[in-house]
Amino acid sequence: MQKQLICPCGSGKAYAQCCEIAHNNIYSVKTAEQLMRSRYTAFTIDNPEYLHKSHHSSSRPNSKREREQNAAWAKSVVWLHLDIINKYEGNENDKTGTVEFKAYFLENNKANLIHENSSFAKENGHWVYIDGCYNF
Ligand SMILES: [Zn+2]
């Protein structure tokens, strides 16, 4: 990963000034949207440790096999773009929040997207992803 690259999350900032800060210190993440963006970037640069850390302990895949499968899938697709569509709460002083997003990717050379309304909460003093609802 070349650090002068623009951050994959679409913030327009350099990776080093954006999601890399979150990846190095999850406690630096102030909002649910920031956590969402940093998780998207973690998918694009293959950072399964961060994906695990930023996932609520009650809903994250705890088996090694499942984690490896998820990581293998994330690596097999070409991540294109993240759009934050909407958000509710999830600010610095909130305890929970939701973020609706669309993540675009190529899978087997076909364009595809994940459109999800994700729930976030704070666990152990930092934001984590709980789960997503795909009912659109
Ligand atoms: Zn970023």
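Residues numbered from 1 in each chain as written. Predicted model: local features only at pLDDT ≥ 70, side-chain atom pairs only at ≥ 80, totals over all residues. Heavy atoms only, no water.

## A word on the overall build of the protein chain
Across its full length, the protein chain carries four helices and four strands. Along the protein chain, helices (α) and strands (β) appear in the sequence α-α-α-α-β-β-β-β when read from the amino end. Once the C-alpha set of the protein chain is aligned to its principal axes, its extents read approximately 40 × 35 × 30 Å. When the 136 residues of the protein chain are sorted by exposure, 36% land in the buried category. For the protein chain, the proportion of contacts with a sequence separation of at least 24, taken over those separated by at least 6, is 44%. Just so you have it, the protein chain exposes about 8000 Å², and 47% of that area is on carbon and sulfur atoms. Measuring between centres, the 16 positive side-chain charges of the protein chain sit 4 Å from its 15 negative side-chain charges. (Helix = DSSP H or I, 4+ residues; strand = E, 2+ residues; numbered from the N terminus. Buried < 20%, exposed > 50% of the residue type's maximum accessible area, 1.4 Å probe, protein only. Contact = heavy atoms within 4.5 Å. Areas by Shrake-Rupley, 256 points an atom, 1.4 Å probe, with all protein chains shown as cover. Lys, Arg positive; Asp, Glu negative; His and termini not counted. Charge placed at Lys NZ, Arg CZ, Asp CG, Glu CD.)

## Brief notes about the coordination of the zinc ion
The protein atoms that coordinate the zinc ion are C7 (SG), C9 (SG), C18 (SG) and C19 (SG), at distances of 2.3 Å. Counting gaps between the donor residues of the zinc ion yields the pattern C-x1-C-x8-C-C. Of the two residues, C7 is situated in the segment before α1 (19-24) and C19 in helix α1; the sequence distance between them amounts to twelve residues. Classification of C7 by relative accessible area gives buried; the value is 3%. Classification of C19 by relative accessible area gives buried; the value is 3%. (Donors = N, O, S within 2.8 Å, 3.2 Å for Na, K, Ca; no water.)

## Describing the environment of S119
Turning to its location among the elements, S119 is positioned in strand β3 (residues 110-123). Spatially, the C-alpha atom of S119 lies 12 Å from that of N86, the residues being 33 residues apart in sequence. Once you skip the residues sitting within four places of it in the chain, S119 turns out to touch G97, T98, V128, Y129, I130 and D131.

## Comments concerning the pairing of strand β1 (residues 78-89)
Pairing analysis gives ten bridges linking β1 to strand β2 (residues 96-107), with the strands arranged antiparallel. When the sheet's bridge partners are listed, N86 is paired in β2 with E100. The antiparallel pairing of β1 with β2 creates a hairpin that spans six residues between the two strands, and G90 there sits at a positive phi of about 75 degrees. (Pairing = 2+ DSSP bridges.)

## Things to note about the confidence of the model for the protein chain
Residues with a pLDDT of 70 or more make up 96% of the protein chain, whose mean pLDDT is 93. Of all secondary-structure elements in the protein chain, the lowest mean pLDDT belongs to helix α4 (residues 64-76), at 91, while α1 reaches the highest, 98. (pLDDT = per-residue confidence, 0-100.)

## Considering the packing of aromatic side chains
Within the structure shown, the criterion is met by six aromatic pairs. Plain terms: the ring middles of W73 and W79 are 5.6 Å apart, the flat faces sit at 85 degrees to each other, and that makes the pair edge-to-face. W73 sits in the partly exposed class, given a relative accessible area of 30%. Cluster of aromatic residues (ring-pair linked, three or more members): Y40, F43, W73, W79 and F105. (Phe/Tyr/Trp six-rings, centres within 6.5 Å; stacked < 30°, edge-to-face > 60°.)

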